[in-house]
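Here is what each chain is made of, one letter per residue.
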Amino acid sequence: MLYAIVGDDAPGSLAKRLAARPAHLERLKALQAAGRLILAGPCPAIDSPDPGPAGFAGSLIVAEFESLEAAQAWAAADPYASEGVFARVTVRPFRKVFPA
C-alpha cells in the first residue's frame, strides 16, 4: 500500500537539512531502486522553487510500504527525523487516483 509521509521542518533547521540531505537522498534512491517511490520533494517556505535562506517548510514523500508500521519506522529512521530537521512527521495511508 502507498503511504504519504509529511515532515514539518523545525524553525531554523535549514543548516541541519543541508547537512543531512546526502543521507536522506540515499534512502530515497534506495526506495526508487526498489520501485517503491512514487514522489518525493521539499516544500519551500516561500513561493519560490529556490527559497534561498528562507529554507523549507517541510517535505512530502509518497512511497509503498508493507504496512503503516513499516512506513512509520522508515520515516522515524530518516536522517531528517533523527537529525532534528523535522519537528513533526505524519504518516498516513494514501490512495493514488491520478495520474492513472
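Shown above is the structure to which this text applies.
Residues numbered from 1 in each chain as written. Predicted model: local features only at pLDDT ≥ 70, side-chain atom pairs only at ≥ 80, totals over all residues. Heavy atoms only, no water.

Novice: Quick one: what's the story with helix α2 (residues 68-76), residue by residue and with numbers?
Specialist: Helical periodicity: at 3.6 residues per turn, an α-helix aligns residues three or four positions apart in one direction. Those residues of α2 that fall on the buried side of the exposure criterion are Ala71, Trp74 and Ala75. Across the axial projection of α2, the buried residues extend over an arc of 100°, all falling on one side. Turned more than 90 degrees away from the buried face of α2 sit Glu69 and Ala76, all of them exposed. Buried residues along α2 sit in contact with β1 (2-9), α1 (14-33), β3 (56-64), α3 (79-82) and β4 (86-94). (Buried < 20%, exposed > 50% of the residue type's maximum accessible area, 1.4 Å probe, protein only. Helix = DSSP H or I, 4+ residues; strand = E, 2+ residues; numbered from the N terminus. Arc of directions from axis to C-beta. Contact = heavy atoms within 4.5 Å.)

Novice: So, the packing of aromatic side chains: which residues are in play, and what are the values?
Specialist: One pass over the structure, following the stated rule, counts three aromatic pairs. With 5.8 Å between their ring centres and 50° between their planes, Phe65 and Trp74 make a pair best called tilted. For the pair Phe65 and Trp74, a shared accessibility class is recorded, and that class is buried. Members of the aromatic cluster, each reached through a chain of ring pairs, are Tyr3, Phe65 and Trp74. One residue, Arg27, lies across the ring of Trp74, its end atom 4.1 Å from the ring centre. (Phe/Tyr/Trp six-rings, centres within 6.5 Å; stacked < 30°, edge-to-face > 60°. Lys NZ or Arg CZ within 6 Å of the ring centre and 35° of its normal.)

Novice: I'd like a description of the side chain of Ser13, backed by residues and values.
Specialist: Following the sequence through the fold, Ser13 ends up in the loop between β1 and α1. Classification of Ser13 as buried rests on a relative accessible area of 5%. With residues up to four places along the chain from it excluded, the contact list for Ser13 reads Gly84 and Val85.

Novice: How would you summarise the sheet that holds β4 if you had to cite specific residues and measurements?
Specialist: Strand order in this open sheet of four strands is β2-β3-β1-β4, and the pairing throughout is antiparallel. The outermost strands of the open sheet, each flanked by one partner alone, are β2 (37-44) and β4. Looking at each pair of strands side by side, their axes are set apart by 10° on average, direction ignored. Bridging between β2 and β3 involves seven bridges; their strand directions are antiparallel. When the sheet's bridge partners are listed, Pro42 is paired in β3 with Ser59. (Pairing = 2+ DSSP bridges. Axes fitted to C-alpha atoms, helices over the stretch in contact; angles between N-to-C directions.)

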